[in-house]
Protein chains: 4
Amino acid sequence: MSNTLGNKYRVTIFGQSHSPAIGAVIEGIPAGVAPDMEAIAAFMARRAPGNSSLSTPRKEADIPKIISGLNERGETCGAPLAAVIENTNTRSQDYAALRDVPRPGHSDYPAAVKFNGHNDIRGGGQFSARLTAPLCFAGALAKQLLAERGIRVRARVKRIADIEDAPMDFADPALDAILSSSGIDCVDADAARRMAEAILAAKAEGDSVGGVVECFATGIPAGLGDGMFDGMENRVARALFGVPAVKGVEFGAGFAAAGMRGSAHNDPFRMEGGAVITAGNNHGGALGGITTGMPLVVRAALKPTPSIAREQRSVSLSRGENAELAVRGRHDPCVVPRAVPVVEAAVACVILDMILEG
Amino acid sequence: MSNTLGNKYRVTIFGQSHSPAIGAVIEGIPAGVAPDMEAIAAFMARRAPGNSSLSTPRKEADIPKIISGLNERGETCGAPLAAVIENTNTRSQDYAALRDVPRPGHSDYPAAVKFNGHNDIRGGGQFSARLTAPLCFAGALAKQLLAERGIRVRARVKRIADIEDAPMDFADPALDAILSSSGIDCVDADAARRMAEAILAAKAEGDSVGGVVECFATGIPAGLGDGMFDGMENRVARALFGVPAVKGVEFGAGFAAAGMRGSAHNDPFRMEGGAVITAGNNHGGALGGITTGMPLVVRAALKPTPSIAREQRSVSLSRGENAELAVRGRHDPCVVPRAVPVVEAAVACVILDMILEG
Amino acid sequence: MSNTLGNKYRVTIFGQSHSPAIGAVIEGIPAGVAPDMEAIAAFMARRAPGNSSLSTPRKEADIPKIISGLNERGETCGAPLAAVIENTNTRSQDYAALRDVPRPGHSDYPAAVKFNGHNDIRGGGQFSARLTAPLCFAGALAKQLLAERGIRVRARVKRIADIEDAPMDFADPALDAILSSSGIDCVDADAARRMAEAILAAKAEGDSVGGVVECFATGIPAGLGDGMFDGMENRVARALFGVPAVKGVEFGAGFAAAGMRGSAHNDPFRMEGGAVITAGNNHGGALGGITTGMPLVVRAALKPTPSIAREQRSVSLSRGENAELAVRGRHDPCVVPRAVPVVEAAVACVILDMILEG
Amino acid sequence: MSNTLGNKYRVTIFGQSHSPAIGAVIEGIPAGVAPDMEAIAAFMARRAPGNSSLSTPRKEADIPKIISGLNERGETCGAPLAAVIENTNTRSQDYAALRDVPRPGHSDYPAAVKFNGHNDIRGGGQFSARLTAPLCFAGALAKQLLAERGIRVRARVKRIADIEDAPMDFADPALDAILSSSGIDCVDADAARRMAEAILAAKAEGDSVGGVVECFATGIPAGLGDGMFDGMENRVARALFGVPAVKGVEFGAGFAAAGMRGSAHNDPFRMEGGAVITAGNNHGGALGGITTGMPLVVRAALKPTPSIAREQRSVSLSRGENAELAVRGRHDPCVVPRAVPVVEAAVACVILDMILEG
């Protein structure tokens, strides 16, 4: 089930960076939904490359074509919905060289071991961040269905390099305060500007930087999530670690909880307008894996882009000796700004899946 | 599949804190293995309560009884192995009161919503940390099979409250340097002593503390893990978020990677003794979700025990108004020391699963 | 997932004929159900051996003990329900001899290949029909939940040897006309008597006979079942082929449909009391895998018991040469009468699963 | 998982009769395989419509386009392989009328209930036999991989209407004796001719006929298949009931076993050339769900095509009253001849899946 996410809203992703196309097959969409293609396109544009000086110059129209799953009125019909995005802007390269000297921080080497040298080396193959485009398609559709149920998913860049965006209230996050500024989704426009500078500074030195994306989901009903291994955190974490470059996932107070006392970390239950809420949201929206009705708060740490212009040390697999490598090609000096919609998409798919499971 | 972990080494866990028994059914164990019951008992004793002044005074023999899965020679026979642990030391309480005023930081409230008030409230029911006992059984058996394949899984307490154990070399962790000291697995005995003091200090104040467990697995072959959502990180994270109190999971450099440059974070490939290794191990053992042959390095953040003696604010569900709560019962002021074998067990189950899948 | 049935009502069966116990873990039971243990015991008694001269003299109390999944009030609590049945009446034998000369028609040989000689040979191990006892437990519980939803599952012996029970109306089966007579569930008591005679005649000759069980389920709502591989027939067939000795499964007109014209086979839609029904039920309750609201009609063919007293030809695996074999032990000369509740159980589990999936 | 088949060789099928395209995503193909597109096209041509006067006049080029899963050398690379077949020859119709009066024997009515009227009514939507084209693609690829392992899958028409093809030796089926004659795969050319006549006779009367396909697979190693619900029969049956019109599945002697004595049905084990075989093959290749090394023998009963030219009785869903219906459009008077490669494909996918699971 390596490329499949979800039980009821089941998303299977396929494609490689340079295959003829990439796409997704989605099972379990409720029948009778007319996908809002404009909203989907707008969402996917947030992820698309080439939108600013911060990202790779590779440009892709990235317009998904739905080839199954709709009836004659353009509504979902209960059949799996398949969407395909053509890969139109691929460049040829000398793949023999790439197969020999694996890029540090990339999957080239372990994939070559796993697939006995048959892995698709072009542009990172199936491990390319390009595969997040069909995930964003699935997420955009999920967001549409979630919106109908009063659920909103929104993420922002929490940190790039050593620059942090302003804190947000976990119990009542001001999602509308997140705005794109300097090409980065933040609540603090000045922080966004300094983040952009940090990215460009790294780029100028042939280097890259990492960061943290923080995602909120409001309006989730209490009582969702299953048992020991299919609680909200299990599912969200499994999904987020499918996003390339993610190396850490935490909920609510997260790692900071390690340093807290129980009396400070526990979120007291309170009545508010006839409903049970918590004062504070260190728990991040789930207790025992089951949603509490409070906002989901999750952060994903993304490593700096491994593809850097600087010369790096590697090995020649054919010669069995150390070698030097300079990675050419079009790469983001920082994937974090474009990862914001991707994280939203992954979270949206998981929440919709839990809701449809009931 | 809420209580099931793994595809090939499939562990299904059942039970509640106060049900007649808890246990696990394990499918997919290779046939012909004679479980080393002494080693299993020794491993499970590391998790068992009542071993030191740091943990709950509840004592359980916790001896698993294997009721299926072995042939007449005591070897695994290809049938699912079922192991049962009786719950012998349970105390009655006034459950009506517990049902009314949910404990902050516990699953009482969301579980009541999910199960419409029918959840087992006694001792936390299925959400109790007691359910980690059958997970440890499955992990102990997995460790036996992994050891035969040259793979070793070992964890330690990295942090409790604000006290940190000494750093370890991610690329070549000295697992034998991890020793139990003051009832805590650490490499630095002095740090362990101060951690124990911090726990007892919190306990004395009717409070609790959290911490971080760091786990290593050495000897894993390169090339394991599948695609986008079943890579090593996806699986390990899904398993670890099944351990009660875990609120964050990170691999290798983890969240610290967010602040690093690519040139510093990338682990160069090197030849060593004819094999490809990396210099450094910021990646934590997997790239693109596929194992590199370097040690798995994962950290889990555990929140402070929510059950504290101090009076806390909560609500009365029956009266729909705010209420005060004092949690009685036997609770660990810090679950982190006992979580060390649990984290090892979860990681061992996942690695064995990946190995058996090939 | 070899021993697991169902997505939402997930039944995992464990045990061997001579292991300390057999049992089932059931996930997904709605919370708040108090299992009717008397009804469960009565249902399981229909399957239990030793009830008549037609079956094996092995007697088992077969009283399932629920060791998890209930709250303090004896209701399902949302946690997996585990039920255990002890194996109390097992006989020792010379297993070395059994390992060497596999019984024709049994799994001894392929299981020895699969498990490299470590399979549990005692009493057929995990392949024993005894494993249908926990399936009946799961089915009895499923029937309780189905009854609350107006759904009734009832089977009968359609055929033993060359004797057929009277036909029933597929569109409106008179389930109450099925009665146990001469130890066999039939609508025609005289047919049942002759079936019993045929079984005893075979037994007297050291031989065995096969037969067909026909199962009906009424009250199923229209619109259940999923797509290409999880329609009603796919699921029911997968479940029924898990019942030992089943070699064929057919729905509605089944194989007879091969000889029919479309004009005769098609069941016309009709309005009746404001509802859409079909006149006739050759389709057996599902079209395109989706339930129509008409009764499910399914038949399972069971082969004659392979264990017969007569000497049979086999091989000695150790000597690599042909050998003779006389099977001793306690065996049914015909499993068909006892298979009736087992088929009901399998069908009930599947229907409940589909209903809970929605 | 409604449209997904298999654990290791996982085939997910998508599309509707009149959607822009249909296709399949296949996970788990071993890396390094260059698909033999000529062999795939030849196999798919056996299923394609319009090849003879026996089938629908709808013609489709049905050339699958592989849009992902191959590396730059045209070999499988470990990524999911996606293949797409365009729907080019679809005709518009008055769908409103089709939505109102469901066709007897079709999924129109239950699908309308399930999907609340949003099902794709055009050409049967996702329930169309056209969806067997991507299944054949997956099966053709599976057959290529099986052939490399010495495994051969071949089916024939066993029966159409009341005409039977000659019997074949289950223990040693002469697969090369199966030849296409009069557009029908049989061993007896005269039987094939009479079958073709029976089809045309039914067609001339505006009617249709059903039949039985019998499939053999030789060269399967002993020891494959898993436990109670994932044995060979469970999996093959689940797959075959995914083929439209299949209403019964039986293995080896199948339903005829019901009338046999154990002494006649049991297949004695024998040594032959150092290997264990059985004399006879009433068991059809699996005992206890585990393959024995003998040929798989399975038969699928197919109902007569429900779409017939004759006027039929149905209902008007909008008016809630009985109505008459005459089905227009292009339909096979008998789907059995074209189902032969489809059955082969389903069986091949299952066997490959079991082999890759090991």
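Residues numbered from 1 in each chain as written. Chains lettered and ligands numbered in written order. Predicted model: local features only at pLDDT ≥ 70, side-chain atom pairs only at ≥ 80, totals over all residues. Heavy atoms only, no water.

1. Things to note about the interface of chain C and chain D
At the interface, 99 residues of chain C touch 98 residues of chain D. For the side of chain C that touches chain D, a count of residues per class yields 45 nonpolar, 34 polar and 20 charged. Pairing of strand β11 (residues 246-251) of chain C with strand β11 (residues 246-251) of chain D, which is carried by 3 bridges, proceeds in the antiparallel orientation. Paired with C:Gly248 across the bridge in β11(D) is D:Glu250. (Contact = heavy atoms within 4.5 Å. Nonpolar A, V, L, I, M, F, W, Y, C, P; charged D, E, K, R; others polar. Pairing = 2+ DSSP bridges. Helix = DSSP H or I, 4+ residues; strand = E, 2+ residues; numbered from the N terminus.)

2. Focus on the sheet that holds strand β3 (residues 21-27) of chain D
Residues and elements named next belong to chain D. Reading across from one edge, β1-β2-β3-β5-β4 is the order of the 5 strands in this open sheet, with antiparallel pairing throughout. Each of the sheet's edge strands pairs with one partner strand only, and the pair in question is β1 (4-5) and β4 (65-68). Two elements, β4 and strand β5 (residues 81-86), share 3 bridges in a ladder whose sense is antiparallel. What sits directly across from Lys65, in β5, is Val84. Together, β2 (10-14), β3, β4 and β5 form the strand contacts of helix α4 (residues 132-148), whose direction differs from that of β3 by roughly 35°. (Axes fitted to C-alpha atoms, helices over the stretch in contact; angles between N-to-C directions.)

3. Here we look at helix α5 (residues 189-204) of chain A
Note on helix geometry: an α-helix contains 3.6 residues per turn, so any two residues three or four positions apart are oriented the same way. All names here are of chain A. With 16 residues, α5 extends 23 Å between its outermost C-alpha atoms, agreeing within 8% with the 22 Å of an ideal straight helix rising 1.5 Å per residue. Within the span of α5, buried status applies to Ala191, Ala192, Met195, Ala196, Ala198, Ile199 and Ala202. Down the axis of α5, the buried side of the element spans an arc of 155°, and every buried residue falls inside it. At its buried positions, α5 is contacted by β6 (152-160), β7 (163-164), β8 (179-181), β9 (184-186) and α8 (336-357). Among the residues of α5, the N-terminal cap falls to Asp188, whose side-chain oxygen and the backbone nitrogen of Asp190 are separated by 2.9 Å. With its phi angle positive at about 65°, Gly206 sits one or two positions after the end of α5. (Expected span 1.5 Å × (residues − 1). Buried < 20%, exposed > 50% of the residue type's maximum accessible area, 1.4 Å probe, protein only. Arc of directions from axis to C-beta. Polar contact = N/O pair within 3.5 Å; in protein donor to acceptor, adjacent residues only side chain to side chain.)

4. Regarding the sheet that holds strand β3 (residues 21-27) of chain C
Residue and element names in this part refer to chain C. Read from one edge to the other, the open sheet built from 5 strands follows the order β1-β2-β3-β5-β4, with strand pairing classed as antiparallel. On the outer flanks of this sheet lie β1 (4-5) and β4 (65-68), each paired with one strand and no other. In terms of strand pairing, strand β2 (residues 10-15) meets β3 through 6 bridges, oriented antiparallel. Looking at β3, one finds that Val11 is bridged to Ile26.

5. A few points about the interface of chain A and chain B
Interface size is commonly expressed as the accessible surface area that is lost when the partners come together. At the junction of the two partners, chain A supplies 99 residues and chain B supplies 99 residues. When chain A packs against chain B, close to 7900 Å² is buried across both sides, 62% of that on carbon and sulfur atoms. At the boundary of chain A with chain B, the tally comes to 10 salt bridges. Close ionic contact of B:Lys247 with A:Glu233 constitutes a salt bridge, the shortest N to O distance being 2.9 Å. (Buried area = accessible area lost by both parts, 1.4 Å probe. Salt bridge = Lys/Arg side-chain N within 4 Å of Asp/Glu carboxyl O.)

6. Some points on the relation of the copies chain C and chain D
Mapping chain C onto chain D is achieved by rotating through 180° and translating by 0.0 Å along the same axis, at an RMSD of 0.0 Å. Accordingly, the operation relating the two chain copies is best matched by a two-fold axis. (Least-squares fit on C-alpha atoms with pLDDT ≥ 70 in both.)

7. Notes on the confidence of the model for chain A
Looking at chain A, pLDDT values average 94 and 95% of them are 70 or higher. Prediction confidence for the complex, expressed as pTM and ipTM, is 0.97 and 0.97 respectively. (pLDDT = per-residue confidence, 0-100.)

8. Structural notes on the packing of helix α1 (residues 37-47) of chain A against α8(A)
All names here are of chain A. One can describe the packing of α1 onto α8 by two numbers: an axis separation of 6 Å at closest approach and a directional angle of 130°. Between α1 and α8, the crossing angle belongs to the class labelled oblique. On the side of α1, the interface is formed by Phe43, Arg46 and Arg47, while α8 contributes Arg338, Val340, Pro341, Val342, Glu344 and Ala345. Among the residues making up the contact of α1 with α8, the classes are represented as 5 nonpolar, no polar and 4 charged. (Parallel < 35°, antiparallel > 145°, perpendicular 65-115°, else oblique.)

9. What about the side chain of C:Asn234?
If you trace the backbone, C:Asn234 turns up in helix α6 (residues 232-240). Among the polar contacts made by the side chain of C:Asn234, one reaches the main-chain amide nitrogen of D:Gly242 at a distance of 3.2 Å. Not counting residues up to four positions away in its chain, the partners in contact with C:Asn234 are C:Met228, C:Phe229, D:Arg238, D:Phe241 and D:Gly242.

10. Side note on the environment of B:Ala142
Residue and element names in this part refer to chain B. Here Ala142 lies in helix α4 (residues 132-148). Residue Ala142 is classed as buried on the basis of its relative accessible area, which comes to 0%. Through-space distance from the C-alpha of Ala142 to that of Ile29 is 8.8 Å; in sequence the pair is 113 residues apart. Residue contacts for Ala142: discarding those within four places in its chain leaves Tyr9, Ala348, Cys349 and Leu352.

11. A word on the environment of D:Thr76
Turning to its location among the elements, D:Thr76 is positioned in the loop between β4 and β5. With a relative accessible area of 1%, D:Thr76 lands in the buried category. The spacing of D:Thr76 and D:Pro35 is 41 residues in sequence and 7.8 Å in space, taken between C-alpha atoms. Residues contacting D:Thr76, with those up to four places away along its chain left out, are A:His118, D:Ile29, D:Pro30, D:Ala31, D:Gly32, D:Val33, D:Gly69, D:Leu70 and D:Leu81. Within the structure, D:Thr76 has its side chain in polar contact with the backbone oxygen of D:Pro30 (distance 2.7 Å).

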